Amino acid sequence: MEVEAAKALGAGLAVIALAGVGIGIGNIFSSMVASVARNPASRDAVFPIGILGFALTEAVALFALLIAFLILFT
């Protein structure tokens, strides 16, 4: 296997993590919407926790892209 083909394969495998991130973000916001729909008064307590969960989940996506780019361009 050539080096360029191995790099492309490795970067593709690193990007698979983005599927999990998409599912995680969907779960976070669906749970947040459902909890606010059940109890609208809890919005002030639930919204910051949901945004924190979104930011931490999005950080995993950025790390996966970073690894993919490092594999491709080094």
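Everything below is about the structure printed above this text.
Read on for an overview of the structure.

### Regarding the overall build of the protein chain
Item 1. A tally of helices and strands in the protein chain yields 3 helices and 0 strands.
Item 2. Walking the protein chain from its N terminus toward its C terminus, one meets helices and strands in the order α-α-α.
Item 3. The C-alpha atoms of the protein chain give a radius of gyration of 17 Å, which is well past the 11 Å a tight globule of 74 residues would have.
Item 4. Its C-alpha atoms put the protein chain at 60 × 15 × 5 Å along the principal axes.
Item 5. The 74 residues of the protein chain split such that 18% are buried.
Item 6. For the protein chain, the share of sequence-separated contacts (at least 6 apart) that also reach a separation of at least 24 residues comes to 72%.

### As for the packing of helix α1 (residues 3–15) against helix α2 (residues 17–38)
Packed helices, taken two at a time, are described by the angle their axes make and the gap between the axes.
Item 1. For the pair α1 and α2, interaxial distance at closest approach is 4 Å and the crossing angle is 15°. On the basis of their axis angle, the class for α1 and α2 is roughly parallel. In this structure, α1 contributes L13, A14 and V15 to the contact, and α2 contributes A17, L18 and A19.
Item 2. Here the contact of α1 with α2 is built from residues that sort into 6 nonpolar, no polar and no charged.

### Overview of the pattern of salt bridges
Item 1. One pass over the structure, following the stated rule, counts 1 salt bridge.
Item 2. Across the salt bridge formed by R43 and D44, the nearest N and O atoms sit 3.9 Å from each other.
Item 3. Residue classification places R43 among the partly exposed residues on the basis of a relative accessible area of 41%.
Item 4. Of the residues examined, D44 reaches a relative accessible area of 64% and is grouped as exposed.

### Some words on the side chain of T57
Item 1. Within the element layout of this structure, T57 appears in helix α3 (residues 43–73).
Item 2. With residues up to four places along the chain from it excluded, the contact list for T57 reads V21, G24, I25 and I28.

### Some details on the environment of F29
Item 1. As for its position among the elements, F29 is in helix α2.
Item 2. Given a relative accessible area of 28%, F29 falls into the partly exposed group.
Item 3. As a C-alpha pair, F29 and G50 span 21 residues in sequence and 6.9 Å in three-dimensional space.
Item 4. In contact with F29, not counting residues within four places along its chain, are I51 and F54.

Calculation rules
Residues numbered from 1 in each chain as written. Predicted model: local features only at pLDDT ≥ 70, side-chain atom pairs only at ≥ 80, totals over all residues. Heavy atoms only, no water. Helix = DSSP H or I, 4+ residues; strand = E, 2+ residues; numbered from the N terminus. Rg over C-alpha atoms; globule rule 2.2 N^0.38 Å. Buried < 20%, exposed > 50% of the residue type's maximum accessible area, 1.4 Å probe, protein only. Contact = heavy atoms within 4.5 Å. Axes fitted to C-alpha atoms, helices over the stretch in contact; angles between N-to-C directions. Parallel < 35°, antiparallel > 145°, perpendicular 65-115°, else oblique. Nonpolar A, V, L, I, M, F, W, Y, C, P; charged D, E, K, R; others polar. Salt bridge = Lys/Arg side-chain N within 4 Å of Asp/Glu carboxyl O.

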